[in-house]
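Listed here are the chains, written in short residue letters.
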Amino acid sequence: MEEVLLVKRAIKGDSQAFENLMNIYFDRMCREAYIRCKYEDDVKEIVQETIYKAYRNIRNLKEPQYFKTWLSKILINVANDYLRKKGMVDLELDKTSYIKEVVTEDKVEIKIDLYNAIDELEDKYKDVVILRYFDDLKIEEISKRLDRPINTIKTHLRKALKDMKKMLKEGYFNE
């Protein structure tokens, strides 16, 4: 409830309320952006652009209780636009890769394989996996957020998991 009050204040032009909201969602936005692009510099740009667009358009948000969904849609669109403009992202991890700073040594290989498998998915499947397993949303919430039918979301999730399982089982990334 307190969050909804912050959103209402931000809609009315309270920049401190907006800043508080961004502090609440900052880590989440970084995780979502990182899953999509893999590089810390890209994450910074995507999150920065997301915050800018959210700030510019907060007054257009009609339903304060859907702020999280609204912000996530902005991030997804910004990330997809950014990656499209930049071209294909190289799957080889280099010194700028954020994952090396986050994951403990004994789990690096497994995590990198998982993130790379997610990265190999088509965007429509990748979005569903991220929202389901990283944001812990229910199928119905994902359907609303992406504005797609529930059965489509279920199909995309099944297909994504099947494809990822196949990639990981074949040792696709370990060669």
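Above this note sits the structure.
Values in this document were obtained by computation on a predicted structure and should not be read as measured data.

S.K.: Pulling in residues and values, what's your account of the pattern of salt bridges?
M.R.: The full count for this structure, using the stated rule, is four salt bridges. R28 serves as the salt-bridge partner of E32, at 3.6 Å between the closest nitrogen and oxygen. In this pair, E32 and R28 are both assigned in helix α2 (residues 15–37), four residues apart and thus about one turn of the helix distant. Take E32 and R28: they sit in the same class, and that class is buried. The residue K159 makes a salt bridge to D163 at a minimum N-O spacing of 2.8 Å. One end of the pair, K159, and the other, D163, are both in helix α9 (residues 150–169), four residues apart, so they sit about a helical turn from each other.

S.K.: Tell me about helix α1 (residues 2–11), and name the residues and values.
M.R.: Of all the positions in α1, only L6, V7, A10 and I11 are classed as buried. The arc that holds every buried residue of α1, seen down its axis, measures 135°, which confines them to one face. Seen from the open side of α1, the exposed residues pointing more than 90 degrees away from its buried face are E2 and L5. Tucked inside the fold, the buried residues of α1 contact α2 and α4 (67–86). Positive phi shows up at G13, right after α1, with a value of about 105°.

S.K.: Before we move on, can you summarise empty space enclosed by the protein with the specific residues and values?
M.R.: Taken as a whole, this structure holds one cavity of 30 Å³ or more when the rule is applied. There is about 60 Å³ of room inside the largest cavity. Those elements giving two or more residues to the lining of the largest cavity turn out to be α2 and α4. Looking at side-chain class alone, the lining of the largest cavity contains four nonpolar, one polar and three charged residues.

S.K.: So what's going on with the packing of aromatic side chains? Residues and values would help.
M.R.: Applying the stated criterion across every chain yields a total of three aromatic pairs. Aromatic side chains F67 and W70 sit 5.7 Å apart centroid to centroid with 40° between the ring planes, which places their arrangement in the tilted category. Separated by three residues within a single helix, F67 and W70 lie in helix α4, roughly one turn from each other. Its relative accessible area of 18% is what places W70 among the buried residues.

S.K.: If you had to explain the environment of K154 to someone new, which residues and values would you point to?
M.R.: With respect to the helices and strands, K154 occurs in helix α9. Classification of K154 as partly exposed rests on a relative accessible area of 37%. Taking the C-alpha atoms as reference, K154 lies 9.2 Å from S143; in sequence the two are 11 residues apart.

Criteria and thresholds
Residues numbered from 1 in each chain as written. Predicted model: local features only at pLDDT ≥ 70, side-chain atom pairs only at ≥ 80, totals over all residues. Heavy atoms only, no water. Salt bridge = Lys/Arg side-chain N within 4 Å of Asp/Glu carboxyl O. Helix = DSSP H or I, 4+ residues; strand = E, 2+ residues; numbered from the N terminus. Buried < 20%, exposed > 50% of the residue type's maximum accessible area, 1.4 Å probe, protein only. Arc of directions from axis to C-beta. Contact = heavy atoms within 4.5 Å. 1 Å grid on protein atoms, 1.4 Å probe; cavity = no way out; pocket = protein on both sides within 12 Å on 5 of 7 lines; lining within 4 Å. Points joined across faces, edges and corners; volume = space filled by probe spheres on them. Nonpolar A, V, L, I, M, F, W, Y, C, P; charged D, E, K, R; others polar. Phe/Tyr/Trp six-rings, centres within 6.5 Å; stacked < 30°, edge-to-face > 60°.

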